[in-house]
Amino acid sequence: MASTAFRGGTRMDLDRIRAARHAIDPLFLDTPFYECGPLGRRLGCAVSLKLETANPVRSFKARGTELVTSLLAGGGGDAVVCASAGNLGQALAWSARRRGIRATVVAARGAPAAKLDGIRALGAELQLVDGDIEDARERAVRLAAQRGVRLVEDSLDIETCEGAATIGLELAAGPPIDAVLVALGGGAMATGIGYVMKALRPEVEVICVQPAGAPAMTRSWHARQVVTTDTIDTIADGVAGRHPIPEVLDDLLAVADDAVLVEEASIRAGMRHLLDLAGQVVEPSAALGVAAVREDRARFAGRHVVTVVCGSNVDPAAYRGWVGH
């Protein structure tokens, strides 16, 4: 298909996304993609899973950090800072260590212990702050400026979006589908996958899914302008931001067909379905797509939908409490 099929007014570029595959360690590429019969029968539609968990950091985030650090290493940079709810930090630590770059990750003190332990184990400097991810972002900005090093801002930095967009290339090369369900937080994965699908498979509906307890980006998409929130109340820590980035919202408006909110009970049920029917232990953010189908079965009945299973870094005790096993 021609790369000129979609312009869309976004910051992304299809040729750069294709080139990104050469910078990303093959460990993170061509992830499992298959139709899950038991899950589809439970939900009343054909459901395929795109598993972004079978890799060294157990999330999709390394597709972006591989691209960031490859460009940084090529330009002579030797240090990098980011704020993270946990998964980006692990991915950046992994990619930075691979290339001899010093990584510092700022995270909220209350972030899942499994994610914080993973960051430390991968050799990054970890700084903890009180508050939430927005407070961690403020600290990371100051820290990078003080040290004069590269700040990686998830979703704002185009490399994080175009790295995630390589998932879209793999979906576009697969069998026919009717819709793709993408977890929506800062927007890197949603805008990246959405851009590629609209460029190469425009008939596929791109639906972003966010918890009702962290609705800022979804509200912004519907309002067509940035809407912030004061609080977060969701178990899906990986998508729990309060302050959408204007540039990312502009991209999302160009590529997403819809953005929906789901309730906490549906997220927990989605995690149970993925465990019981697909054998997948996932973090709450990765169950958002299943939750969306569960809450609106009529919309998806008889269709073939793909949900991107984006992460599996979860504290065991919390997980057992959520899924009831």
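The rules behind each value
Along each chain, numbering runs from 1 in the same order as the chain's sequence is written. At least 70 in pLDDT is required for a residue's local features to be given in this predicted model, at least 80 for side-chain atom pairs to be given and counted, and no such filter applies to totals for whole chains, interfaces and linings, which use all residues. Calculation of side-chain values draws on the structure's entire complement of heavy atoms; hydrogens and water are dropped beforehand. Helix numbers and strand numbers start at the N terminus; a helix is a DSSP run of H or I with at least 4 residues, a strand a run of E with at least 2. Between any two strands, pairing holds if DSSP finds at least two bridges. Lines fitted to the C-alpha atoms define the axes, with helices restricted to the stretch that makes contact. Angles between their N-to-C directions range from 0 to 180 degrees. In what follows, residue pairs with any heavy atoms lying within 4.5 Å of each other are defined as contacts. For Phe, Tyr and Trp, rings pair up if their centres lie within 6.5 Å, where Trp contributes its six-membered ring, and each pair is then called stacked (planes under 30 degrees apart), edge-to-face (over 60) or tilted (otherwise). Here's how the labels work: a residue is buried when its accessible area is under 20% of the maximum for its type, exposed when over 50%, partly exposed in between, all with a 1.4 Å probe on protein chains only. Polar contact is the term for a pair of N or O atoms within 3.5 Å; when the atoms are in protein, one must be able to donate a hydrogen and the other to accept it, and sequence-neighboring residues count only if both atoms are side-chain atoms. Here the arc refers to the set of directions running from the helix axis out to each C-beta atom.

Novice: Would you mind showing me how to read unusual backbone geometry here?
Specialist: As a rule of thumb, non-glycine residues mostly have phi less than zero, and peptide bonds are mostly trans rather than cis. For Asp30, which is not glycine, the phi dihedral falls at a positive 50 degrees. Tracing the chain through its elements places Asp30 in the loop between helix H1 (14–20) and strand S1 (33–35).

Novice: Which parts of the structure should I look at to understand the sheet that holds strand S3 (residues 79–83)?
Specialist: Adjacent strands of a sheet pair through backbone hydrogen bonds, lying either parallel or antiparallel. Within the open sheet, the four strands sit side by side as S5-S4-S3-S6. Their pairing is parallel. The open sheet is flanked by strand S5 (125–129) and strand S6 (150–152), the only strands paired with a single partner. Shown here is a sheet whose adjacent strand axes are inclined to one another by a mean of 20 degrees, direction ignored. Bridge count between S3 and strand S4 (residues 102–108): five bridges; the pairing is parallel. Its bridge partner lying in S4, Ala79 is registered against Arg102. On the sheet, helix H4 (residues 87–98) packs against S3, S4 and S6 and is oriented at approximately 170 degrees with respect to S3.

Novice: Hey, could you run me through the packing of aromatic side chains in this one?
Specialist: Working definition: an aromatic ring pair is given by the centre-to-centre distance plus the angle between the planes. In the structure shown here, the tally under the stated rule is one aromatic pair. Here Phe28 and Trp94 contribute two aromatic rings whose centre-to-centre distance is 5.0 Å and whose plane-to-plane angle is 85 degrees, an arrangement assigned as edge-to-face. With Phe28 in the loop between H1 and S1 and Trp94 in helix H4, this residue pair connects regions lying 66 residues apart in the sequence. Each member of the pair, Phe28 together with Trp94, is buried.

Novice: Help me out: how do you make sense of the side chain of Ser84 in this one?
Specialist: Note on placement: Ser84 falls in the loop between S3 and H4. Judged by relative accessible area, Ser84 falls into the buried class, the value being 2%. Engagement of the side chain of Ser84 in a polar contact is seen with the backbone nitrogen of Gly86, the distance being 2.7 Å. Those residues within four positions of Ser84 in sequence are excluded, and the remaining contacts are Gly89, Val105, Val106, Ala107, Ala108 and Ile133.

Novice: Would you take a moment to explain helix H5 (residues 113–121) for this structure?
Specialist: Three- or four-residue spacings in an α-helix give side chains the same orientation, since the helix completes a turn every 3.6 residues. Along H5, the residues that are buried comprise Lys115, Leu116, Gly118 and Ile119. The arc enclosing the buried residues of H5, seen along the axis, measures out at 160 degrees, which places them on a common side. Among the structural elements, H4, S4 and S5 are those in contact with the buried residues of H5. Immediately beyond the C-terminal end of H5, within one or two residues, lies Gly123, with a positive phi of roughly 90 degrees.

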